[in-house]
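Working through the structure, step by step
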Amino acid sequence: MKGWAGKGAFWKRAAGYGVLLAAGTLVLALLDYQRVVRSHFADAATFLIGAGFLALGIYIGTRVVKTPAAAAFDGNPQAQAALGISPRELAVLMELAAGRSNKEIARRLDVSPNTVKTHVARLFEKLGARRRTDAIAKARELGIIR
């Protein structure tokens, strides 16, 4: 046990020297920092002034200059009513525009794939389309979907 007591004192002394060396290094680094700041004061002042103007510009931009809110998309209810597109068919049309397959649409809307096929066929009739891309293009022309 006496051997370990001597090693503990060694580690305490080594840690003490380490703390002193770290403190000396910190003092030298601060002195070097002060020398750099003194020799490059104009650069540091320019940077700080620029940063202040940047912060002021961002503040003014967010407080004073307000962008108008985008108009809410209504989906052209007149065209939907004129064509007789039901809310469920509109949901299917939006899913088609998102590029989803019939199976994916069926899963997302919780209906059978055959129901989706029926809705798609009715949409083709109502929009005068022969394929999905035609139906989506026609619906975008009419402002039914984005």
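Further up the page is the structure itself.
A brief structural summary. (Residues numbered from 1 in each chain as written. Predicted model: local features only at pLDDT ≥ 70, side-chain atom pairs only at ≥ 80, totals over all residues. Heavy atoms only, no water.)

Below, the discussion takes up the packing of aromatic side chains. Taken as a whole and judged by the stated rule, the model has one aromatic pair. Centre to centre, the rings of Phe 10 and Trp 11 are 5.4 Å apart; their planes meet at 70°, and the pair counts as edge-to-face. In this structure Phe 10 comes out as exposed when scored by relative accessible area, which is 52%. (Phe/Tyr/Trp six-rings, centres within 6.5 Å; stacked < 30°, edge-to-face > 60°. Buried < 20%, exposed > 50% of the residue type's maximum accessible area, 1.4 Å probe, protein only.)

Turning our attention to the nonpolar core. Counting residues in hydrophobic clusters, the biggest one holds 20 residues, and the most contacted among them are Val 92, Leu 93, Leu 96, Leu 127, Ile 144 and Ile 145. Listing elements by their share of this core, those giving two or more residues are helix 4 (87-97), helix 5 (102-109), helix 6 (113-127) and helix 7 (132-142). No other element matches helix 6, which puts five residues into this core. Ignoring any residue separated from it by four or fewer positions in sequence, one finds Val 92 in contact with Ile 105, Leu 109, His 119, Val 120 and Leu 123. (Core = buried A, V, L, I, M, F, W, Y, C linked by side-chain atoms within 4.5 Å. Helix = DSSP H or I, 4+ residues; strand = E, 2+ residues; numbered from the N terminus. Contact = heavy atoms within 4.5 Å.)

Okay, a nonpolar patch on the surface next. On the surface, Ile 49, Phe 53, Leu 56, Tyr 59, Ile 60, Val 64 and Val 65 cluster together into a nonpolar patch covering about 740 Å² of accessible area. Within the secondary structure, Ile 60 sits in helix 2 (residues 41-63). (Patch = residues over 30% accessible without salt bridge, like charges linked within 9 Å, V, L, I, M, F, W, Y side chains within 5 Å. Areas by Shrake-Rupley, 256 points an atom, 1.4 Å probe, with all protein chains shown as cover. Salt bridge = Lys/Arg side-chain N within 4 Å of Asp/Glu carboxyl O.)

With that out of the way, let us pick up the pattern of salt bridges. Throughout the structure, instances matching the rule amount to four salt bridges. Lys 126 is the partner of Glu 89 in a salt bridge, and the nearest nitrogen-oxygen pair spans 2.8 Å. Here the residue Glu 89 occupies a position in helix 4, and Lys 126 occupies one in helix 6, the gap between them amounting to 37 residues. Overall, the relative accessible area of 2% leaves Glu 89 in the buried class. Judged by relative accessible area, Lys 126 falls into the partly exposed class, the value being 27%. Notably, a salt bridge pairs Glu 95 with Arg 100, separated by 3.0 Å at the nearest N-O pair. Within this structure, Glu 95, Arg 100 and Arg 108 form a network of salt bridges that share partners.

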